[in-house]
Amino acid sequence: MPIETPFSSKRFLLALMLAACSVILLQNNSLSKNSSFLFELACMAAGLLICFLCFIPALMLRKMRGADILRLSTRSPAFIKLPVAVFYACYFVYTALYFLIPYTDMFHSKYYPGVSPCLITVVLLGCCVYAAVKGVNVVTRFGIFLFLFAMLTNILMFGGNLTALELTASSVSWQGNAGDFWQNTRYFLTPAFIAVVFACLNADIRNFRLRQPVCALFFTGLKYAAVLFFIRFAVGAYASRQEYPTFVLSRTAHFDRFAGVESFYLALATMSVFMIISLLLCCVTKAIDREKNLRTVILFTLILLAAYTVSAYLHSAKEILTNPNIFIIFTGIAALLPLSGLIMGRKSNVPTLVHSM
Amino acid sequence: MCRLLCIVCSMALTLLLTGCSNSRQIESAAIIENVSVDRQDGRLVYTFYRLTSGDKPWGISVSAESFEEACKRASEEYIPNLSLSKLELLLISEDAAQAVMKTDLPYVATQPFFSPVAYLTLCDDRTMEEFEKTNRTQQLIEQQLILLKNHNPSVSIDYLSVFNHLAAGREEGFPVAFIYSEKELKVAEYRLYTKKLTKNN
């Protein structure tokens, strides 16, 4: 059995928070155009509340069994172990593509149209393979650096738009209907994937406190609210005419004669997607085969690359891989699956894991 | 051994991904710094001014119905490597303002390569002539715009602000900058309405 290396839960939740925050960076007009700012905030609160509920099955499993769903399934009979492993492997591959495709699209259309999207993908996945082989501990260490860089970028993005803020009487209006509510809330449910990553890796973390996921989602909400606020009141109607409103926000940031911090924004988006995919590859490794780390990571990276290439040439495949409804349903099932671990645990009487330092 | 291989691969990748293989000399890249729009014989004429280090501007004039058509014609017929991502100023003559505001601004707002904070101003015919003569005029216009903005923050001097005001469609209109030339360049406010233009000062 491989030696477990427990790591700080604060660092892990920080990495998950950064992964959740990156969702707003890749936003491509996913929110309803008819809804007001306050309505969007309400949708965001509802979405993030559901995201928190997705953490609960994994928290219960950790408290009652001291393990995560993947660890429990590996100690179960083959007829349980195999479907769980296949399901989570499919989920993590799908999620990785769900973020990879919009990112490469954005990079290609906004920053460097001269380069092939497949080349960007190859380079990004190459870095992710290295990080995933090193393990979650190393990826979360990278999160500390990313956190500081994200702080700097956000300060530049928001500070540079402060002078352009234009608050009107409509700032406090309430506008939106049931359809808008569903569309917006569905978008704000996207960070729920961090609950699944947590569900699969939480047995390896120590010093866990319940307030940590709450804080992670709270700060994610703050970041979303700030971005939405500045897009709405500093960029205004111009943002709705453009793809990727957050990118526009970074372009409109200006300090005196110095204008545009889109390079910072793209670097942040790149590093965030890199961290998400690395974390997901770590989860895949754990779901499939924990002892042959490198081989599993390379295998799944090739699968990712193949699926990406198919999506680049087949539009219907791309639509399936970036469909928010499929993603939400998939995430819901993956987040709820640890509940079955409680039953599995009772029946098979799996012993509580003892971490070695 | 494995580490050495990784280092060699990383160095090779660093060299390959510099983008130098697809590079262009800055002189041949045709980076457009300013665009002026004027009306001549009833038709709109768009002049694309390239980024140059000299004092004399280098401009290509294209007659077209809209900015979209002008960009297309300019890149097809005159400037193959036209790049508008560094556009700093869109100078519009009084006569052309109506057409530009109605058709060109919505087009510019949908294009990812334009900077939303590029300056936009109206001007009189003499300023347009001055602009064609020397690059220094551009600097003077920018200085005047910044002064005006500092003096009156409600004046719209960039695309973003002008587009948002137009999209809001307020009846009372909104002020934009107007550059005029007497002995020297001066700036005034111009109240712009969705349907008609009225000079304020």
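Just so it is clear, the structure is predicted and the values come from calculations on it, not from any experiment.

**What about the pattern of salt bridges?**
- Counted according to the given criterion, the structure contains 10 salt bridges over all chains.
- When the shortest N-O distance is used, the salt bridge between A:Asp105 and A:Lys318 registers 2.8 Å. Here A:Asp105 is found in helix 4 (residues 78-111), whereas its partner A:Lys318 is found in helix 14 (residues 315-321), with 213 residues between them in sequence.
- Measuring nitrogen to oxygen at the nearest pair gives 3.2 Å for the salt bridge that ties B:Arg73 to B:Glu77. Of this pair, B:Arg73 and B:Glu77 are both found in helix 2 (residues 67-78), four residues apart, which corresponds to roughly one turn of the helix.
- Note on B:Arg73: relative accessible area 24%, which makes it partly exposed.
- We classify B:Glu77 as partly exposed; its relative accessible area is 46%.

**As for the pairing of strand 6 (residues 174-181) of chain B**
Residue and element names in this part refer to chain B.
- Strand 6 sits mainly inside the fold: seven of its eight residues count as buried.
- When strand 5 (residues 119-123) meets strand 6, the two strands line up parallel, connected through two bridges. If you follow Leu122 over to strand 6, its bridge partner there is Phe178.
- Where strand 6 meets strand 7 (residues 185-192), eight bridges bridge the pair, whose relative direction is antiparallel. What sits directly across from Phe178, in strand 7, is Ala188.
- As consecutive antiparallel partners, strand 6 and strand 7 are separated by three residues.

**Quick word on the confidence of the model for chain B**
- Of all residues in chain B, 88% attain a pLDDT of 70 or more, and the chain-wide mean is 81.
- For this predicted complex, the interface confidence reaches an ipTM of 0.76, while the overall pTM sits at 0.85.

**Description of the interface of chain B and chain A**
- Counting residues at the interface gives 23 residues for chain B and 19 residues for chain A.
- Each partner contributes to the roughly 1,700 Å² buried at the junction of chain B and chain A, and carbon and sulfur atoms together form 56% of this total.
- Inspection of the region where chain B meets chain A yields zero salt bridges.
- Run the count over chain B and chain A and you get seven residue pairs in polar contact (both at pLDDT 80 or more).
- Elements represented by at least two residues in the side of chain B that touches chain A include exactly helix 3 (97-110), helix 5 (136-151) and helix 6 (159-168) of chain B.
- Class assignment for the residues of the side of chain B that touches chain A results in 14 nonpolar, seven polar and two charged.

Cut-offs applied
- Residues numbered from 1 in each chain as written.
- Chains lettered and ligands numbered in written order.
- Predicted model: local features only at pLDDT ≥ 70, side-chain atom pairs only at ≥ 80, totals over all residues.
- Heavy atoms only, no water.
- Salt bridge = Lys/Arg side-chain N within 4 Å of Asp/Glu carboxyl O.
- Helix = DSSP H or I, 4+ residues; strand = E, 2+ residues; numbered from the N terminus.
- Buried < 20%, exposed > 50% of the residue type's maximum accessible area, 1.4 Å probe, protein only.
- Pairing = 2+ DSSP bridges.
- pLDDT = per-residue confidence, 0-100.
- Contact = heavy atoms within 4.5 Å.
- Buried area = accessible area lost by both parts, 1.4 Å probe.
- Polar contact = N/O pair within 3.5 Å; in protein donor to acceptor, adjacent residues only side chain to side chain.
- Nonpolar A, V, L, I, M, F, W, Y, C, P; charged D, E, K, R; others polar.

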